[in-house]
Amino acid sequence: MNAKLSRRSFLRSTASLAALAAAPRPLFAAPAAPESVVKLLYESLKPEQRQEVCFAWDYVDPKRGLLRTRLENNWRITKPAIKSEFFTADQQAMIRTIFEGITAPEWHERFDKQLDDDIGGFGNKQGIAIFGEPGSGKFEFVLSSRHMTLRCDGDSSEHVAFGGPILYAHEGDALYEKPNHPHNVFWHQALEANKLYHVLDAKHQALALVTQGMPTEELVGFKGKDSKFPGCPVSEFAADQKAELQRILNHMLEPFRKADQDEAMKCLTSQGGLDHCSLAFYKEGDLGDDGIYDNWRIEGPSFVWYFRGTPHVHVWVNVADDASVKLNSYQNSVM
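Residues numbered from 1 in each chain as written. Predicted model: local features only at pLDDT ≥ 70, side-chain atom pairs only at ≥ 80, totals over all residues. Heavy atoms only, no water.

Draft legend 1. Seen up close, the overall build of the protein chain. Of regular secondary structure, the protein chain possesses nine helices and 15 strands. Residue burial in the protein chain is summarised as follows: out of 335 residues, 55% are buried. By sequence separation, contacts in the protein chain at least 24 residues apart represent 67% of the contacts at least 6 residues apart. Summed over all atoms, the accessible surface of the protein chain reaches about 14000 Å², with 53% contributed by carbon and sulfur. (Helix = DSSP H or I, 4+ residues; strand = E, 2+ residues; numbered from the N terminus. Buried < 20%, exposed > 50% of the residue type's maximum accessible area, 1.4 Å probe, protein only. Contact = heavy atoms within 4.5 Å. Areas by Shrake-Rupley, 256 points an atom, 1.4 Å probe, with all protein chains shown as cover.)

Draft legend 2. Highlighting the side chain of Ser-302. Mapped onto the secondary structure, Ser-302 falls in the loop between β12 (295-300) and β13 (303-308). A polar side-chain atom of Ser-302 sits 2.8 Å from the main-chain carbonyl oxygen of Ala-320. Leaving out residues up to four positions away in the same chain, Ser-302 has contacts with Phe-222, Gln-271, Asn-318, Val-319, Ala-320, Asp-321, Asp-322 and Ala-323. (Polar contact = N/O pair within 3.5 Å; in protein donor to acceptor, adjacent residues only side chain to side chain.)

Draft legend 3. Just the nonpolar core, in detail. With 69 residues, the main nonpolar core has Leu-41, Phe-141, Phe-162, Phe-281, Trp-296 and Trp-305 as its most contacted residues. The contacts of Phe-141, once residues within four sequence positions are left out, are Val-38, Leu-41, Ile-95, Ile-98, Ile-128, Ala-129, Ile-130, Leu-150, Arg-151 and Cys-152. Membership of the second largest hydrophobic core comes to 14 residues, among which are Leu-71, Val-160, Val-220 and Val-304. (Core = buried A, V, L, I, M, F, W, Y, C linked by side-chain atoms within 4.5 Å.)

Draft legend 4. Expanded view of unusual backbone geometry. In this chain, Thr-310 is followed by Pro-311 through a cis amide linkage whose omega measures 0°. The topology assignment puts Pro-311 in the loop between β13 and β14 (313-319). Within the chain, His-147 stands out as a residue other than glycine whose phi angle is a positive 70°. By secondary structure assignment, the location of His-147 is in the loop between β6 (139-145) and β7 (148-152). You can call His-147 buried: its relative accessible area is 0%. Of note, Phe-162 is a non-glycine position whose phi angle comes to about 65°, a positive value. Among the structural elements, Phe-162 can be located in the loop between β7 and β8 (166-170).

Draft legend 5. Fine view of helix α5 (residues 108-119). Its twelve residues give α5 an end-to-end C-alpha distance of 16 Å, which sits within 8% of 16 Å, the value for a rise of 1.5 Å per residue. Residues of α5 that are buried sit in contact with α4 (89-102), β6, β7 and β8. Downstream of α5 by a residue or two, Gly-120 has a phi angle that is positive, lying close to 85°. (Expected span 1.5 Å × (residues − 1).)

Draft legend 6. Fine view of the packing of aromatic side chains. A complete count under the given rule lists 21 aromatic pairs for this structure. Ring centres of Tyr-282 and Tyr-306 lie 6.2 Å apart, and the angle between their planes is 55°; this geometry places the pair in the tilted category. Linking Tyr-282 in strand β11 (residues 278-282) with Tyr-306 in strand β13, this pair joins segments that are 24 residues apart in sequence. In terms of burial, Tyr-282 and Tyr-306 fall into one category: buried. By the ring-pair criterion, three or more aromatic residues cluster together here, those being Phe-99, Trp-107, Phe-111, Phe-122, Phe-162, Tyr-168, Phe-186, Phe-256, Phe-303 and Trp-305. When the ring centre of Tyr-306 is taken as origin, the NZ or CZ atom of Arg-297, which lies over that ring, is 4.6 Å away. (Phe/Tyr/Trp six-rings, centres within 6.5 Å; stacked < 30°, edge-to-face > 60°. Lys NZ or Arg CZ within 6 Å of the ring centre and 35° of its normal.)

Draft legend 7. Spatial organisation of the layout of surface pockets. Estimates place the volume of the largest pocket at around 290 Å³. Lining of the largest pocket is provided by 20 residues; of these, Arg-68, Thr-69, Glu-158, Val-160 and Val-325 occupy positions nearest its centre. Classifying every residue of the lining of the largest pocket by side-chain character gives seven nonpolar, eight polar and five charged. Along its surface, the second largest pocket is lined by Glu-52, Phe-55, Tyr-59, Asp-61, Pro-62, Arg-64, Leu-67, Arg-76, Ile-77, Thr-78, Lys-79 and Pro-80. The residue inventory of the lining of the second largest pocket, partitioned by class, reads six nonpolar, one polar and five charged. (1 Å grid on protein atoms, 1.4 Å probe; cavity = no way out; pocket = protein on both sides within 12 Å on 5 of 7 lines; lining within 4 Å. Points joined across faces, edges and corners; volume = space filled by probe spheres on them. Nonpolar A, V, L, I, M, F, W, Y, C, P; charged D, E, K, R; others polar.)

Draft legend 8. Molecular detail of empty space enclosed by the protein. All told, the structure shown has two cavities of 30 Å³ or more when counted by the stated rule. For the largest cavity, the calculated volume is near 50 Å³. Surrounding the largest cavity, Ile-102, Thr-103, Leu-150, Arg-151, Phe-162, Ile-166, Phe-256 and Asp-260 form its lining. For the lining of the largest cavity, the residue count by class is five nonpolar, one polar and two charged.

Below you can see the structure in the form of C-alpha cells.
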C-alpha cells in the first residue's frame, strides 16, 4: 500500500484523534498497533523535524551516552515539547495514540492524573525520540518527561522487556509526601507488597528487611546469576507466599499493554523465575516509621523492579533475559 494513502486513510478514520492532544483522558482505544502508528508518525515528519527527534539506532550522545537506553527520572529526551508548534495537530494525536497503545486502557485515566499533577498534562514538557527507521528493521520510540519514560520497539530491542529500562513515578500532594501518600496513583502497589511482608514469619521478615542502607534509586543495573541479592530469597518462601508474590508482580505489570506484560514474564522465566529472585524491604526511608515500608525491591539475575516511595514515588524497572544488557541511567535529584 502507498505510504501516503495509508497515512491519509489512517487520519481519515481517526479524525477525532486531534482532540486527544488536549483531552484529560482518552476518548477511545487506540485504533492500530502502536508500532504501526510509530511508522506513520515517522513518515509524517518533515526533514527539519527528523533532524531534531530522529536518530540512528546506535546514536551516542556526547554527554548522555547511548541515548536509546538512557533513563532519568526528570528529563526530556529531545528539546521539542509534544504540545508545541513543532508538531502538527495530527502528529500530536499520533503520539498520544502510541502512548495509549503501550499502556493498559484501564490505566489511562491514572496516567493522565500523574501527568496533570507533574507536568501540567500530556504533552507539556514531554518529548519523544525515534531511533532507527520504523518498518525497516530495528527501531524504538521513546517518550520521556518528568516521572515518565516509556518505550515502543516492536520487539526490535533484543533480550529486553518494555523496549528497555522504564520509569513511572508520581508526586501526589507534595514533593515530600505524607506516610500514606494521599492521591498517589502508584502507592497502592507498595501496600500490596507490604501485605506479603506482614504475613511472613519472623525468620523471613528478618531476612527480607534490610536495616542498613539501600541502593540509590538509579542503581538498577543487572548483577547476574552468581550474585547475592539483598533481602530474602524467594526460594525460601512457602508455596502460598510465592503465589502471593506472583500476584503482586502481576499487579505491578497491570499498567502496561499485554504484550509487554508477557515479554517481561518471559524474560523472568528465562532466568529461573521468581525462585531466582530476592525480595527486600528497606528500613531506611520508612515514612512515619510505621512499618509500612515505602522502599522495596524485587531483584534477580536480570530483573529489577525498584519501588522508591521516599520522598514520593519513583519506580525504576529493568527487565531482560540476559544479564549482559547494559543500562544507561542517571538520577536527576528527587524530582
